[in-house]
Amino acid sequence: MEFGTVEREIHIDASPEVVFEVVSNPEHLRQWWPDEAEFPPVPGGTGRIGFGDCSQGGTWVQFAVVDAVPPRLFSFRWTHEEGESAAPGNSNLVVFELSPAGTGTLLRMTESGFRERGWDEAKVAARYAEHVTGWDFYLPRLPVYAAKVGAGGAA
């Protein structure tokens, strides 16, 4: 298997403007993906996202915004070591590309960088599998939440 890039496409019943907010704003991100999110959603913004109760042993993950082009594109690097600047070779790149589709939005998500980390084949395969499982769990939550936001049902 290649283990190079995780790719997903989903249709969301909300405008690209709403979807962009839902994938880029920490307040919205917490509603469908991490339990915690602390970062400025602007290019070069750095921070972290947390999974689980981070005061009780949850996991913080480093996060750095690469591009923010409303309402078309939001990308970030993550999983790099604390204290390191995110770059190819030490982090994964996630890109959300948004396109109008009828009355909603087509979201194309890609995550790459597994092979560039210098890991052995077993670690590449394990990390890739973890991220596939994670995205397959979290991404289906995004359209439901974004549709609520678009309808004025969530803030």
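What counts and how
Residues numbered from 1 in each chain as written. Predicted model: local features only at pLDDT ≥ 70, side-chain atom pairs only at ≥ 80, totals over all residues. Heavy atoms only, no water. UniProt positions renumbered as here; feature names shortened; annotations may be inferred. 1 Å grid on protein atoms, 1.4 Å probe; cavity = no way out; pocket = protein on both sides within 12 Å on 5 of 7 lines; lining within 4 Å. Points joined across faces, edges and corners; volume = space filled by probe spheres on them. Helix = DSSP H or I, 4+ residues; strand = E, 2+ residues; numbered from the N terminus. Phe/Tyr/Trp six-rings, centres within 6.5 Å; stacked < 30°, edge-to-face > 60°. Lys NZ or Arg CZ within 6 Å of the ring centre and 35° of its normal. Pairing = 2+ DSSP bridges. Axes fitted to C-alpha atoms, helices over the stretch in contact; angles between N-to-C directions. Contact = heavy atoms within 4.5 Å.

An unreviewed UniProt entry annotates the chain as Polyketide cyclase originating from Streptomyces pseudovenezuelae. UniProt annotates the chain under Sequence similarities (unreviewed entry) with the comment "Belongs to the AHA1 family."

J.: Explanation requested: the layout of surface pockets in the structure shown.
T.: Empty space left among the atoms is revealed by rolling a probe the size of a water molecule over them. The computed volume of the largest pocket comes to approximately 540 Å³. For the largest pocket, the lining is made up of 24 residues, of which Val61, Trp78, Thr79, Arg127 and His131 are closest to its centre. Of all elements in the fold, only β4 (59-69) and α3 (121-138) reach the threshold of two or more residues within the lining of the largest pocket. Per-element tally for the lining of the largest pocket: the top contributor is α3, with seven residues.

J.: What am I meant to see in the packing of aromatic side chains here?
T.: Given two aromatic rings, their pairing is described by the distance between the two centres and the angle made by the two planes. Following the criterion strictly, the structure yields 19 aromatic pairs and no others. Their ring planes at 50 degrees and their centres at 6.0 Å tell us that phenylalanine 51 and tyrosine 138 sit as a pair that is tilted. Placement of the pair is phenylalanine 51 in strand β3 (residues 46-51) and tyrosine 138 in helix α3, with a sequence separation of 87 residues. Between the NZ or CZ atom of arginine 48 and the centre of the ring of tryptophan 60, over which it lies, the distance is 3.6 Å. If you follow arginine 127 out to its NZ or CZ, it ends over the ring of tryptophan 119, 5.0 Å from the centre.

J.: I'm lost on the sheet that holds strand β7 (residues 104-112) in this one. Help?
T.: By way of backbone hydrogen bonds, the strands of a sheet pair with one another, either parallel or antiparallel. Taken together, the seven strands give an open sheet; going across it, the order is β1-β7-β6-β5-β4-β3-β2, and neighbouring strands pair in antiparallel fashion. Pairing within the sheet leaves two strands with one partner each, and these edge strands are β1 (5-12) and β2 (36-38). The sheet shows a mean angle of 20 degrees between the axes of neighbouring strands, taken without regard to direction. Judged from the six bridges that link them, strand β5 (residues 73-78) and strand β6 (residues 92-101) form a sheet pairing that is antiparallel. In the strand pairing of β6, leucine 73 is matched with glutamate 97. Most of the contacts of helix α1 (residues 16-24) go to β6, to which it runs at about 165 degrees, and overall it touches β1, β4, β5, β6 and β7. Where helix α4 (residues 141-150) meets the sheet, its contacts fall on β1 and β7, and the angle it forms with β1 comes to roughly 35 degrees.

J.: So what exactly am I meant to see when it comes to the UniProt feature "domain: Activator of Hsp90 ATPase homologue 1/2-like C-terminal" (unreviewed entry) in the chain here?
T.: Cross-referencing UniProt, the feature "domain: Activator of Hsp90 ATPase homologue 1/2-like C-terminal" (unreviewed entry) maps to residues 13-145 in the present numbering. For residues 13-145, the end-to-end C-alpha separation is 10 Å, with 27% helix and 34% strand making up the annotated structure.

J.: Whenever I open this one, unusual backbone geometry confuses me. Can you help?
T.: Across residues other than glycine, the phi torsion is negative in most instances, and most of the peptide bonds are trans. With an omega of -10 degrees, the peptide bond running from proline 70 to proline 71 counts as cis. Along the chain, the position of proline 71 falls in the loop between β4 and β5.

J.: How should the pairing of β4 be read in this particular structure?
T.: Successive residues of a regular strand alternate their side chains across the two faces of the sheet. Here β3 runs beside β4; their pairing, made up of six bridges, is antiparallel. From the neighbouring strand, glycine 50 faces β4, where its bridge partner is tryptophan 60. Of the pairings in the sheet, the one linking β4 to β5 comprises six bridges and is antiparallel in character. Each bridged residue has a counterpart across the sheet, and for alanine 64 the counterpart in β5 is arginine 77. Following β4, the chain reverses through three residues before pairing antiparallel with β5.

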